[in-house]
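Inside the fold
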Amino acid sequence: MPPEPLTPAAQARQRDAERTRAEILEVAQREFARHGYTGARVDDMAELMRATKRMIYYYFGGKEQLYIAVLERAYNQIRAAEATIDVQHLAPIEAIRTLAQLSFDHHDAHQDFIKLVGIENIHHAEHLRKSDLLTNLGTPATGLISQILDAGRASGDFVTDADAIDVHMMISAFSNFRISNQHTFGTLFKRDLNAPEHRARHREMIGEMIVAYLTGAGRRTRDH
């Protein structure tokens, strides 16, 4: 038998719980991104929310569980964005360019995500490995790229024997670097990577770099 529908009062409590949980995750993400896993304090998060530490623990159990939930939310967001690409109705070249530029846009708009990834690498992915959700979240990304690569090889557009994980790394590396290294790079080379003119050029660059690699454009240039 299907479960009985919730009463209006129960629905209201459920909505309140979802809003509270989302608010905790929003504040926690900012604090973990700013101070790292070790430096972030649940007491400070509670104060920023005008809530209690007990309430945060009620929803998440503890600091580590809260941090893992923040990581899950951040990775889920980029996987959800990637899933919006309609591979079936895009030509392979346009599909891979769209994916590269979508990743670029997501990294640019979610700079806390880059910080969280860096923090988790400092911890050697210790917390990421504790989440079944996170350890399986690489599959949708590489699965999408594999679909595009297979279509490109079948159409003859892609001539490079490319690996989906390598292509994902190429896209991530460029999109990540301009955010994670913006301050040191800007100081050394006197260039603000967030300036609109540089952002627009870099967005186009990442798309064309991936397309050129897969279509063998660089190889043809060397051969001639």
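Residues numbered from 1 in each chain as written. Predicted model: local features only at pLDDT ≥ 70, side-chain atom pairs only at ≥ 80, totals over all residues. Heavy atoms only, no water.

In this section: the side chain of Ser131. Here Ser131 is to be found in the loop between α6 (111–122) and α7 (132–135). Overall, the relative accessible area of 2% leaves Ser131 in the buried class. Side-chain polar atoms of Ser131 contact the side chain of Glu72, separated by 2.5 Å. Non-local contacts of Ser131, meaning those with residues more than four positions away in its chain, are made with Ile68 and Glu72. (Helix = DSSP H or I, 4+ residues; strand = E, 2+ residues; numbered from the N terminus. Buried < 20%, exposed > 50% of the residue type's maximum accessible area, 1.4 Å probe, protein only. Polar contact = N/O pair within 3.5 Å; in protein donor to acceptor, adjacent residues only side chain to side chain. Contact = heavy atoms within 4.5 Å.)

Bringing unusual backbone geometry into the picture now. Peptide bonds are, in most cases, trans, and in most cases residues other than glycine have a negative phi. In the Ramachandran plot, His124 falls in the positive-phi region, its phi being about 55° despite a non-glycine side chain. Counting through the fold element by element, His124 comes out in the loop between α6 and α7. Positioned with a positive phi, Lys190 is a non-glycine residue whose angle comes to about 55°. Structurally, the position occupied by Lys190 is in the loop between α10 (182–189) and α11 (196–215).

A few words now on the UniProt feature "DNA-binding region" (unreviewed entry) in the protein chain. Per the UniProt annotation, the sites labelled "DNA-binding region" (unreviewed entry) are residues 41–60. Summarising residues 41–60: 80% helix, 0% strand, and an end-to-end C-alpha distance of 14 Å. (UniProt positions renumbered as here; feature names shortened; annotations may be inferred.)

Approximately 400 Å³ is the volume attributed to the largest pocket. Breaking the lining of the largest pocket down by element, the ones donating at least two residues are α4 (63–82), α5 (92–109), α6, α8 (138–155) and α9 (164–180). Here the lining of the largest pocket gets seven residues from one element, more than from any other, and that element is α9. Considering only residue class, the lining of the largest pocket consists of eleven nonpolar, seven polar and three charged. Empty space within the second largest pocket amounts to approximately 150 Å³. Lining the second largest pocket we find Gln111, Ile114, Lys115, Gly118, Ile119, Asn176, Ile179, Ser180, Gln182 and His183. When contributions to the lining of the second largest pocket are tallied by element, the ones reaching two or more residues are α6, α9 and α10. (1 Å grid on protein atoms, 1.4 Å probe; cavity = no way out; pocket = protein on both sides within 12 Å on 5 of 7 lines; lining within 4 Å. Points joined across faces, edges and corners; volume = space filled by probe spheres on them. Nonpolar A, V, L, I, M, F, W, Y, C, P; charged D, E, K, R; others polar.)

Let us look at the pattern of salt bridges. If you walk through the whole model with that rule in mind, you get 15 salt bridges. Glu64 is paired through a salt bridge with Lys130; the nearest N and O atoms lie 2.6 Å apart. You can see Glu64 sitting in helix α4 and its partner Lys130 sitting in the loop between α6 and α7, a full 66 residues away along the chain. Among the salt bridges present, the one from Asp108 reaches Arg178, with a minimum N-O distance of 2.9 Å. Here Asp108, found in helix α5, pairs with Arg178, found in helix α9; they are 70 residues apart in sequence, far enough to count as distant. Residue Asp108 is classed as buried on the basis of its relative accessible area, which comes to 18%. Several salt bridges converge on common partners, so that one network encompasses Asp105, Asp108, Arg178, Arg199 and Arg203. (Salt bridge = Lys/Arg side-chain N within 4 Å of Asp/Glu carboxyl O.)

On to the packing of α5 against α6, then. Interhelical geometry of α5 versus α6 gives an angle of 85° and a closest axis separation of 4 Å. With respect to α6, the element α5 is oriented roughly perpendicular. Contacts from His107, Asp108 and Ala109 of α5 reach α6 at Gln111, Phe113 and Ile114. A per-class count over the contact of α5 with α6 returns three nonpolar, two polar and one charged. (Axes fitted to C-alpha atoms, helices over the stretch in contact; angles between N-to-C directions. Parallel < 35°, antiparallel > 145°, perpendicular 65-115°, else oblique.)

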